[in-house]
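Structural overview for review
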Amino acid sequence: MHDMRPEDVRGEWREYYWRYFDGTSRRLLITDEETRFPTGELIVSQTDVAGIITMCNEAFVHMSGFSREEIMGAPHSILRHPDMPKAAFADLWTTIEMGKRWSGYVKNLRRDGGFYWVYATVIPKIVDGAVVGHTSVRREPSRDKVDELAAVYATMRAEEGR
Ligand SMILES: Cc1cc2nc3c(=O)[nH]c(=O)nc-3n(C[C@H](O)[C@H](O)[C@H](O)COP(=O)(O)O)c2cc1C
């Protein structure tokens, strides 16, 4: 994944060097600009078993700020916001690898450094008893829940030492 560049970012930014689960790292430029979830729409994507994006809808392209070419074949962690606790994604992966659905509130990073909150449900696709890929469907999150989860995630991050 490419480092984020100041010329792509809208607003004042803070810099992070983020280390991903697979050991790669990326320069992140983060702003406080929120894009609200488009009411009445769903943001949908499909991945292979490793979380590499194989399909997404127009709302995904629009909300992430990336082009379709940049998204296809990228890992889902391209949207990873440093405000999300590691434990949330550990729970997601443990659940879907068992073939179960996972739901939760996720703060996602946009290409321009801003963010958007979603309520995501990740559904594993099972063929002949084996997980072969995943679908994620995101709905508009409740504002009260977003405020609640932002505080919970801050506590979890502190427990993770960040
Ligand atoms: C179907 C599916 C959808 C996902 N959607 C997101 C997402 O919208 N935002 C996100 O940060 N991670 C998402 N993930 C989790 C990422 O794969 C990854 O675990 C996460 O971004 C944390 O990155 P890391 O494990 O490299 O630290 C999704 C995973 C799957 C399988």
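Please refer to the structure higher up on the page.
Here we summarise the structure given alongside this text. Residue indices follow the written sequence of each chain, beginning from 1 at its first position. The predicted origin of the model limits local features to residues at a pLDDT of at least 70 and limits the giving and counting of side-chain atom pairs to 80 or more, whereas totals for whole chains, interfaces and linings rest on all residues.

With respect to the overall build of the chain
- If you tally the helices and strands in the chain, you get four helices and seven strands.
- Runs of H or I in DSSP of at least four residues are treated as helices and runs of E of at least two as strands, each being numbered from the N terminus. Listing each helix as α and each strand as β along the chain from the N terminus yields β-β-β-β-α-α-α-β-β-β-α.
- Throughout, the radius of gyration refers to the C-alpha atoms, and the reference size of a globule is 2.2 Å times the residue count to the power 0.38. Relative to the 2.2 N^0.38 estimate, which gives 15 Å for 162 residues, the radius of gyration of the chain is 15 Å and therefore close to what a compact globule would have.
- Along the first, second and third principal axes, the C-alpha atoms of the chain reach 50 × 35 × 35 Å.

A word on the site of the ligand
- To decide nearness, the C-beta atom of each residue is placed from the backbone, and the residue is near a molecule or strand if that atom lies within 6 Å of it. Of all residues adjacent to the ligand, which total 15 residues, the nearest are Tyr20, Phe21, Gly51, Ser77 and Arg80.
- Only α3 (86–97), β5 (102–109) and β7 (130–139) provide two or more residues apiece to the shell around the ligand.
- Here the term charged refers only to Asp, Glu, Lys and Arg, the term nonpolar to Ala, Val, Leu, Ile, Met, Phe, Trp, Tyr, Cys and Pro, and the term polar to all other amino acids, Gly among them. Across the shell around the ligand, the residue classes break down as seven nonpolar, seven polar and one charged.

Some thoughts on helix α4 (residues 143–159)
- Its 17 residues place the ends of α4 25 Å apart at the C-alpha level, agreeing with the 24 Å of an ideal helix rising 1.5 Å per residue.
- Two residues or fewer after α4 comes Gly161, characterised by a positive phi angle close to 85°. Given the number of residues in a helix, its expected span is that number minus one, multiplied by 1.5 Å.

Comments concerning the sheet that holds strand β6 (residues 115–127)
- Any two strands between which DSSP finds at least two bridges are classified as paired. Strand order in this open sheet of five strands is β4-β3-β7-β6-β5, and the pairing throughout is antiparallel. Of all the strands in the sheet, the pair left with one neighbour each is β4 (53–56) and β5. Direction aside, neighbouring strands of the sheet carry axes that sit 30° apart on average.
- For strand β3 (residues 43–48) and β4, the ladder comprises three bridges, and the chain directions are antiparallel. In this analysis an axis means a line fitted to C-alpha atoms, helices contributing only their contacting stretch, and an angle means the value between N-to-C directions, from 0 to 180 degrees.

As for the nonpolar core
- Ranked by internal contacts, the top residues of the largest apolar core, which has 13 residues, are Tyr116, Trp117 and Val118.
- Mapped by element, the contributors of at least two residues to this core are β4, α1 (58–64), β5 and β6.
- The leading source of residues in this core is β6, at three residues.
- Two residues form a contact once the distance between their C-beta atoms, set from the backbone, is within 7 Å. Residues in contact with Val118, not counting those within four places in the same chain, are Phe37, Ile43, Val106, Asn108, Arg138 and Pro141. Take the buried Ala, Val, Leu, Ile, Met, Phe, Trp, Tyr and Cys residues, join any whose C-beta atoms are within 7 Å, and the set you get is a nonpolar core. Exposed residues have 12 or fewer other C-beta atoms within 10 Å of their own C-beta, buried residues have 20 or more, and residues in between are partly exposed; the C-beta atoms are placed from the backbone.

Description of the environment of Arg14
- One can find Arg14 in strand β1 (residues 14–19).
- Spatially, the C-alpha atoms of Arg14 and Asp32 are 9.4 Å apart, while their sequence positions differ by 18 residues.

Re α3
- Given a rise of 1.5 Å per residue, twelve residues ought to cover 16 Å, and the 17 Å separating the end C-alpha atoms of α3 matches this to within 8%.
- Once α3 ends, the next one or two residues include Gly99, with phi positive near 85°.

Quick word on the environment of Arg157
- Mapped onto the fold, Arg157 is located in helix α4.
- Accessibility expressed as a C-beta count within 10 Å gives 16 for Arg157, which makes it partly exposed.
- C-alpha separation for the pair Arg157 and Asp112, spaced 45 residues apart in sequence, amounts to 23 Å.
- The residues contacting Arg157, other than those within four sequence positions of it, are Pro85 and Arg162.

Considerations on the pairing of β7
- Across six bridges, the pairing between β3 and β7 is antiparallel. Its bridge partner lying in β7, Thr47 is registered against His134.
- In this structure, β6 lies alongside β7, joined through nine bridges in antiparallel fashion. Within β7, the position partnered with Pro124 by the bridge is His134.
- Hairpin geometry of β6 and β7 is characterised by an intervening segment of two residues between the two adjacent antiparallel strands and by a positive phi of about 50° at Asp128.

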